[in-house]
Amino acid sequence: MADDLAGRSVLVVGGAGYVGSVLVGRLLDAGCRVHVLDQLVYDNGFALAHLLDRDGLSLTRGDLRDERTFASAVGDAEDVVLLASLVGDPICKKYPELARQVNADGAKRVLDALDRLGVRRFVFTSTCSNYGIHDPDSLADEDSELNPQSLYAETKIDVERNLLDGAGTMTAAGTVLRIATAYGMSPRMRFDLTVSQFARELASGAELLVYDADTWRPYCHVRDIAKAVMTVLAAPEDAVRGEVFNVGDDGQQFTKRMIVDEVSKHLTSPEVEYREGDTDPRNYRVSFAKIADRLGFWTDNTVQGYVGALVAAVQAGVFADVPGNPRYGNYEVRHLA
């Protein structure tokens, strides 16, 4: 796969984010020239610091909603990957109008500009949260009814529909990736996501409060999310044009209680309190057969293999500055109006 991308020019919108900072490094390793457009709304420029002197990397700080800024950032890029958005239910609920402007209106403006700018491939990262509430005794696939439970999912579905409706008339080949809940180490580390949050809090000796412990979610490591994006970019155009792929692994789906149990294997007497009645009703399991069958994609990482490493890192003091530090999550927008 990496050999197939050598020499390609790729714009990663949101390249300084949790997934983006991992993807950018992997694209550079594959021999790509990488442009990054990022507004750095979380003061997250540090996530690219280790890459800024790499040959083939350029960085533009700017707003994807600005047509001139976006066009300049595209430059000679053949491929565009749109990661940037206000990611997650809490941040969208906190800034609802901004979420609509960036996640929906801004993304659709990007879509409208692709052909004019000569882009050949476009990857839009959406979310498995679009399935919302789905009988966990069956697996939601790409044709299952969407049942959004948040503004975040609604904005993603809005863009998906625009991309899919226009897939037959656009020159650029667009693909939707519905991604499982992310976890894993990243230069822009986040501890406001379930696996890392639970592992860090328990490893720190804090009591963990868990709501609705038996609700299901699929999970996917940030390195595997980056791999999925690269798999789509390297695939034959007719295999990905106008397609939706769930990104994850059938065997990496857990209830919150199961995540706690995995973390607890690495600790002595962790303190956990379970309660019912959270405001987040999502509960779903997902089929990832399509991306495996059509594109030969598989994940390389597991929650089981990750949590022990994170527990050890926390206990060694690697993340001692997390409490109260906004750099470790999508808590507050600082540079976007």
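Above: the structure in question.
Here the residue numbering is sequential within each chain, running from 1 through the sequence in written order. Note on the predicted model: pLDDT of at least 70 is required for a residue's local features to be given, and 80 or more for side-chain atom pairs to be given and counted; whole-chain, interface and lining totals, by contrast, use all residues. Water and hydrogen atoms were dropped before computing side-chain values, which therefore reflect all heavy atoms in the structure.

**Concerning the sheet that holds strand E3 (residues 57–61)**
For two strands to pair, DSSP has to find at least two bridges joining them. Numbered from the N terminus, helices here are DSSP runs of H or I no shorter than four residues, and strands are runs of E no shorter than two. Strand order in the open sheet made by the seven strands is E3-E2-E1-E4-E5-E6-E10, with parallel pairing throughout. Looking at strand neighbours, the two that pair on one side only are E3 and strand E10 (243–247), the edges of this open sheet. The mean angle between the axes of side-by-side strands here comes to 20 degrees, regardless of whether they run parallel or antiparallel. When strand E1 (residues 9–13) meets strand E2 (residues 33–38), the two strands line up parallel, connected through five bridges. The residue of E2 that forms the bridge with Leu11 is His35. Interaxial angles span 0 to 180 degrees and are taken between N-to-C directions of axes, which are lines fitted to C-alpha atoms, for helices over the stretch in contact.

**Quick look at the nonpolar core**
The nonpolar side chains of a soluble globular protein tend to be buried with one another. To qualify as a nonpolar core, a set must consist of buried Ala, Val, Leu, Ile, Met, Phe, Trp, Tyr and Cys residues joined through side-chain atoms within 4.5 Å. Throughout, exposure labels follow a simple rule: accessible area from a 1.4 Å probe, protein chains only, divided by the maximum for the residue type, with under 20% read as buried, over 50% as exposed, and the rest as partly exposed. By size, the foremost hydrophobic cluster in this structure holds 76 residues, and its most contacted members are Leu23, Val24, Leu27, Val34 and Phe319. Considering every element that reaches this core, the biggest residue donor is helix H8 (residues 222–234), with eight residues. Those residues in contact with Leu23 that lie beyond four places of it in its chain are Val12, Val81, Leu83, Ala226, Val229 and Met230. Whether two residues are in contact is decided by their heavy atoms, any of which lying within 4.5 Å being enough.

**A short note on the pattern of salt bridges**
Between Lys or Arg on one side and Asp or Glu on the other, a salt bridge is scored when a side-chain nitrogen of the former is within 4 Å of a carboxyl oxygen of the latter. One pass over the full model with this rule turns up 20 salt bridges. Note that Arg8 is salt-bridged to Asp79, the shortest N-O span being 2.8 Å. With Arg8 in the loop between helix H1 (2–5) and E1 and Asp79 in strand E4 (residues 79–82), the pair connects residues that are 71 residues apart, well separated along the chain. Each member of the pair, Arg8 as well as Asp79, is classed as buried.

**Let's talk about the pairing of strand E9 (residues 216–221)**
A large share of E9 lies buried, amounting to five of its six residues. Sheet analysis places E9 next to strand E11 (residues 253–255), joined by three bridges and oriented antiparallel. What sits directly across from Trp216, in E11, is Thr255.

**A few points about the sheet that holds strand E7 (residues 181–183)**
Read from one edge to the other, the open sheet built from three strands follows the order E7-E9-E11, with strand pairing classed as mixed. What marks the edges here is a single partner per strand, and that holds for E7 and E11. Between one strand axis and the next, the sheet turns by 45 degrees as a mean value, whatever way the strands run. The pairing of E7 with E9 spans three bridges and is parallel. Its bridge partner lying in E9, Tyr183 is registered against His221.

**Section: the packing of helix H7 (residues 194–203) against helix H12 (residues 303–315)**
Running from N to C, H7 and H12 point in directions that differ by 40 degrees, and their axes come no closer than 9 Å. Classified by the interaxial angle, the pair formed by H7 and H12 is oblique. Here H7 and H12 pass one another in a crossing that is right-handed. Residues Val195, Ser196, Ala199, Arg200 and Ala203 of H7 touch H12, and the partners they reach there are Val303, Tyr306, Val307, Leu310, Val311, Val314 and Gln315. Lys, Arg, Asp and Glu make up the charged group, whereas Ala, Val, Leu, Ile, Met, Phe, Trp, Tyr, Cys and Pro make up the nonpolar group; the residues left over, Gly among them, are polar. Per-class residue counts for the contact of H7 with H12 are nine nonpolar, two polar and one charged. Roughly parallel means an angle under 35 degrees; roughly antiparallel, over 145; roughly perpendicular, 65 to 115; everything else is oblique. Helix crossings fall into two classes, left-handed where the near helix is turned counterclockwise from the far one by less than a right angle and right-handed where it is turned clockwise.

**Remarks on empty space enclosed by the protein**
The method works on a 1 Å grid over the protein atoms by themselves. A cavity is a set of points holding a 1.4 Å probe that cannot get out, a pocket is an open set with protein on both sides within 12 Å along at least five of seven lines, and residues with an atom within 4 Å of a point line them. Grid points are joined across faces, edges and corners, and a volume is the space filled by probe spheres set on the points. Under the criterion given, the structure shown has one cavity of 30 Å³ or more. By volume, the largest cavity amounts to about 50 Å³. Every residue lining the largest cavity is listed: Leu64, Arg65, Asp66, Glu67, Phe70, Arg109, Val110, Ala113 and Arg116. At the level of secondary structure, the elements contributing two or more residues to the lining of the largest cavity comprise helix H3 (67–74) and helix H5 (96–113). Looking at the lining of the largest cavity element by element, the count peaks at three residues for H5. Grouping the amino acids of the lining of the largest cavity by side-chain chemistry returns four nonpolar, no polar and five charged.

**Observations concerning the packing of aromatic side chains**
Working definition: a ring pair exists when centres of Phe, Tyr or Trp rings (six-membered ring for Trp) sit within 6.5 Å. Plane angles under 30 degrees give stacked, over 60 give edge-to-face, the rest tilted. Following the criterion strictly, the structure yields five aromatic pairs and no others. Pairing Tyr183 with Tyr306 gives two aromatic rings, centres 5.2 Å apart and planes at 50 degrees, and the pair type is tilted. With Tyr183 in strand E7 and Tyr306 in helix H12, this residue pair connects regions lying 123 residues apart in the sequence. On the accessibility criterion, Tyr306 (5% relative accessible area) is buried.

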